[in-house]
Amino acid sequence: MAPSDSPSSLRQVPLVELRDVSCGYGERVILESVNLKLQRGKVLALIGTSGGGKTTVLRLLGRQLQPFKGQVLFDGQDLAPLGGDQLYAVRRRMGMLFQFGALFTDLSVFENVAFPLREHTQLPEAMIRDLVLMKLNAVGLRGARDLMPSEVSGGMARRVALARAIALDPDLVLYDEPFAGLDPISLGVAARLIRDLNDALGLTSIIVSHDLHETFAIADEVAMIANGRVVAQGTPDELRHSEDPLVKQFVGAHADGPVRFHQPAAPVMQDFGLEARA
Ligand SMILES: Nc1ncnc2c1ncn2[C@@H]1O[C@H](COP(=O)(O)OP(=O)(O)OP(=O)(O)O)[C@@H](O)[C@H]1O
């Protein structure tokens, strides 16, 4: 085995890497020259202004979107040339939890979690049952297996969605606004669960969220995306103490700063027709 192929050096390959990626929709450029690396076992929070391109990063990773330029690598493998079976195999290694969890309303809690196992594997029923109950147990909802989604609370539904996202034992879990609409207690529980599952199951997680308090509490690293670029990346503490005006405005939740509260507009006096009268 060549030295560069040794298992220890292979472990150094980031699970996720964006190399100088530019991308967008149609002609419109959303992300420009973005570089990002995430090592296995870590929890990365993607934060930033609305419409800045956080969800777009998740779409690149799931290869729902191809970059105009640069490379998106998963476990060292460039996603761009993958087709058919190879892409399917890579996607199987990713779990996704999108806003509000979106459970199948006509399937029970059990069947919601069983769904990816039935879709992607040929496992016998007894094994599916054990795997589903293990995942439900991990999120504290083994006892809710027979309930329908309409019978569980928003916080519970999010936990069912989490169990479903990890049903296939993914390497990477992508969370898009996993806390949206949750009360502070459920939000804290969901955040803690994401961290605990990440560590207990050896996952790697990327969370897009506007809930800075909760994400900073569980993330190893935070990347802030604004104006199509990663403007800051570091530990939660590093971002909290950043002197960068944009990071300070965002993390400190100040209305005004480099991101203006007011859209550029004509002077107030002019808009209200007060100039002539003054
Ligand atoms: N399918 C699409 N077609 C065209 N434009 C899109 C599409 N999806 C997103 N956009 C645009 O790309 C930009 C980035 O969107 P994205 O959803 O990645 O932002 P975000 O940072 O996740 O925002 P938010 O925090 O509000 O969810 C936005 O201006 C959005 O309008």
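Residues numbered from 1 in each chain as written. Predicted model: local features only at pLDDT ≥ 70, side-chain atom pairs only at ≥ 80, totals over all residues.

Colleague: Got a sec to walk through helix H5 (residues 125-138)? Specific residues and values, please.
Modeller: Spanning 14 residues, H5 covers 20 Å between terminal C-alpha atoms, matching the ideal 20 Å at 1.5 Å per step. Contact partners of the buried residues in H5: helix H4 (109-120) and helix H6 (154-165). (Helix = DSSP H or I, 4+ residues; strand = E, 2+ residues; numbered from the N terminus. Expected span 1.5 Å × (residues − 1). Contact = placed C-beta atoms within 7 Å.)

Colleague: Lay out H6 in plain terms, naming residues and giving numbers.
Modeller: With 12 residues, H6 should cover 16 Å at 1.5 Å per step; its first-to-last C-alpha distance of 16 Å lies within 8% of that length. Counting buried residues in H6 gives 10 out of 12 residues, a clear majority hidden from the surface. Buried within H6 are the following residues: Met156, Ala157, Arg158, Arg159, Val160, Ala161, Leu162, Ala163, Arg164 and Ala165. Tucked into the core, H6 has its buried residues touching strand S6 (94-97), H4, H5, strand S7 (172-176) and helix H7 (184-200). (Buried ≥ 20, exposed ≤ 12 C-beta atoms within 10 Å, placed from the backbone.)

Colleague: Tell me about the sheet that holds S7, residues and numbers included.
Modeller: Strand order across the open sheet formed by six strands is S6-S7-S8-S3-S9-S10, with mixed pairing between neighbours. Lying at the two open borders of the sheet, with one neighbouring strand each, are S6 and strand S10 (229-234). Taken pair by pair, the neighbouring strands of this sheet meet at an average axis angle of 15 degrees, ignoring direction. As defined by bridge partners, strand S3 (residues 43-48) adjoins strand S9 (residues 221-226) across five bridges and the pair is classed as parallel. Bridge pairing in S9 places leucine 46 opposite alanine 223. Taken strand by strand, H6 contacts S6 and S7, and its axis lies near 165 degrees from that of S6. (Pairing = 2+ DSSP bridges. Axes fitted to C-alpha atoms, helices over the stretch in contact; angles between N-to-C directions.)

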